[in-house]
Amino acid sequence: METNPDFQQSPTQLLSVANGDEAGSKSGISETELIAFAGGTHYPKLLMQLLEGKSRHAGFNVWAMIFGIQWFFFRKLYLFGLFSVALESIAPLIFIAGTAAVFGYLDKGAIIIITVITLIMTRVIIGYMANIALCLKASHVIGKIDKLNKDNETHLRLIKRAGGVSVPSLFFVYLVARLAFR
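Along each chain, residues carry numbers from 1 onward, in the same order as the chain's sequence is written. Under the rules for a predicted model, residues below a pLDDT of 70 receive no local features and side-chain atom pairs below 80 are neither given nor counted, while totals for whole chains, interfaces and linings still include all residues. Side-chain calculation: all heavy atoms of the structure are included, whereas hydrogens and water are not.

S.K.: Just to check I follow, could you spell out the overall build of the protein chain for this structure?
M.R.: The helix and strand inventory of the protein chain stands at 9 helices and 0 strands. Where helices and strands are cited, they refer to DSSP runs of H or I of at least four residues and of E of at least two residues respectively, numbered from the N terminus. Sequence-ordered secondary structure for the protein chain, helices as α and strands as β, is α-α-α-α-α-α-α-α-α. The 182 residues of the protein chain split such that 35% are buried. Residue contacts are counted whenever heavy atoms from the two residues lie within 4.5 Å of one another. The long-range fraction of contacts in the protein chain, counting pairs at least 24 apart against all pairs at least 6 apart in sequence, stands at 64%. For the protein chain, the computed accessible surface area is about 11,700 Å², with 66% contributed by carbon and sulfur atoms. Throughout, exposure labels follow a simple rule: accessible area from a 1.4 Å probe, protein chains only, divided by the maximum for the residue type, with under 20% read as buried, over 50% as exposed, and the rest as partly exposed. Only the protein chains shown count as cover for residues, and all accessible areas are computed by the Shrake-Rupley method using a 1.4 Å probe.

Listed below in structure tokens is the structure:
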């Protein structure tokens, strides 16, 4: 039986790659699993670099910075979305209170400037935090699904269902915001 020179991996090697055991993967998570989790976007490559230790950060996410809670809920990162709201709500109050304690009385203009600067700073923090949050959830979800010991097709389908995006949760966020700010 002749081997195909274009086919460089044996079926058992391909199976181990699909299960996340590919050579060089320190985390045990394959790029195929990350693609199933995050979709065919640029996220799997960023997350793989972070998981393998090739990068200390997962980059800056402009969309998370712009949309905040909406991006987190869209990506099914509900706890991080709530954390981002808490951060954006509490950080300006802390900076205003700290500035008032140091300088005494603050007029409306100073309070507005401090609030705007603090909100910009928190949005930058959220932009850096977003891909790391996505990576943490991906590794947690993939680890749990790996323990189920399913066949490859079911395995990837479960990962895709747990990851991906959720448009209905965006409507939920808008509904809650609409009711809260009536």
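S.K.: Got a minute to help me understand helix 9 (residues 167-180) in this structure?
M.R.: An α-helical segment advances 3.6 residues per turn. Residues three or four places apart therefore align on the same side. Taking 1.5 Å per residue, 14 residues should reach 20 Å; helix 9 reaches 20 Å between its end C-alpha atoms and fits that length. Here helix 9 has its buried residues at Ser169, Leu170 and Val173. Relative to the axis of helix 9, the buried residues are bounded by an arc of 110° and lie together on one face. For helix 9, the exposed residues set more than 90 degrees away from the buried face come down to Pro168, Phe171, Arg178 and Leu179. Looking at the packing, one finds that the buried side of helix 9 touches helix 5 (69-74) and helix 6 (78-103). Expected helix span is given by 1.5 Å per residue-to-residue step, counting one fewer step than there are residues. This arc corresponds to the set of directions leading from the helix axis out to the C-beta atoms.

S.K.: So what exactly am I meant to see when it comes to the nonpolar core here?
M.R.: In a soluble, globular protein the nonpolar side chains are often hidden away together inside. Each nonpolar core is a collection of buried residues, namely Ala, Val, Leu, Ile, Met, Phe, Trp, Tyr and Cys, held together in the definition by side-chain atoms within 4.5 Å. Counting 26 residues, the largest nonpolar core has Leu34, Phe37, Trp71 and Phe72 as its most contacted members. Only helix 2 (31-38), helix 3 (43-52), helix 5 and helix 7 (108-146) provide two or more residues apiece to this core. Broken down by element, the residue count for this core peaks at 10 residues, all from helix 7. When sequence neighbours within four positions are dropped, the list of residues in contact with phenylalanine 37 reads Leu134, Lys137, Ala138, Val141, Ile159, Ala162, Gly163 and Gly164.

S.K.: For this particular structure, what's the right way to read the confidence of the model for the protein chain?
M.R.: Interpretation of the predicted coordinates at a detailed level should be avoided for regions scoring low in pLDDT. Values of pLDDT, ranging from 0 to 100, describe the predictor's confidence in every residue of the model. For the protein chain, per-residue confidence averages 81 on the pLDDT scale, and residues scoring 70 or more make up 85% of the total. Ranking the helices and strands of the protein chain by mean pLDDT puts helix 4 (residues 62-67) first, with 93, and helix 1 (residues 11-18) last, with 37. Here residues 1-24 is a poorly scored stretch, pLDDT under 50, and it has 26 contacts once near neighbours within four places are set aside; other chains count.

S.K.: Hey, could you run me through the pattern of salt bridges in this one?
M.R.: Opposite charge on two side chains lets them pair, provided their charged atoms get close. Only one rule defines a salt bridge in this text: a Lys or Arg side-chain nitrogen within 4 Å of an Asp or Glu carboxyl oxygen. For the coordinates displayed, the defined rule picks out 1 salt bridge. For glutamate 88, the salt bridge is made with arginine 123, and the minimal N-O distance between the two is 2.5 Å. Placement of glutamate 88 in helix 6 and of arginine 123 in helix 7 is noted, with a sequence separation of 35 residues between them.

S.K.: Before we go on, may I ask you to explain the packing of aromatic side chains in this structure?
M.R.: When the centres of two rings from Phe, Tyr and Trp lie within 6.5 Å, Trp using its six-membered ring, the rings pair. Their planes under 30 degrees apart give stacked, over 60 give edge-to-face, and anything left gives tilted. One pass over the full model with this rule turns up 5 aromatic pairs. When the centroid spacing of 4.8 Å and the interplanar angle of 65° are considered together, the rings of phenylalanine 60 and tyrosine 128 count as edge-to-face. With phenylalanine 60 in the loop between helix 3 and helix 4 and tyrosine 128 in helix 7, this residue pair connects regions lying 68 residues apart in the sequence. Judged by its relative accessible area of 32%, phenylalanine 60 falls in the partly exposed class. Taking the relative accessible area as the measure of exposure, tyrosine 128 reaches 43% and is therefore partly exposed. Note on phenylalanine 73 and tyrosine 78: the rings are 5.1 Å apart at their centroids and 70° apart in plane angle, and the pair reads as edge-to-face. Phenylalanine 73 sits in the buried class, given a relative accessible area of 7%. Judged by its relative accessible area of 35%, tyrosine 78 is partly exposed.

S.K.: I keep staring at the side chain of glutamate 88 and nothing clicks. Help me out?
M.R.: Here glutamate 88 falls in the buried class, since its relative accessible area comes to 16%. Ignoring any residue separated from it by four or fewer positions in sequence, one finds glutamate 88 in contact with Leu119, Thr122, Arg123 and Ile126.

S.K.: Can you help me understand the packing of helix 2 against helix 8 (residues 152-162) in this one?
M.R.: Convention adopted: a line fitted to C-alpha atoms gives each axis, helices being fitted over their contacting stretch, and angles between N-to-C directions are expressed from 0 to 180 degrees. Contact geometry for helix 2 and helix 8: axes closest at 6 Å, N-to-C directions at 40°. In terms of their interaxial angle, helix 2 and helix 8 are classed as oblique. Of the residues in helix 8, those touching helix 2 at Thr32, Glu33, Ala36 and Phe37 are His155, Leu156, Ile159, Lys160 and Ala162. When an angle is under 35 degrees it counts as roughly parallel; over 145 it counts as roughly antiparallel; between 65 and 115 it counts as roughly perpendicular; any other value is oblique.

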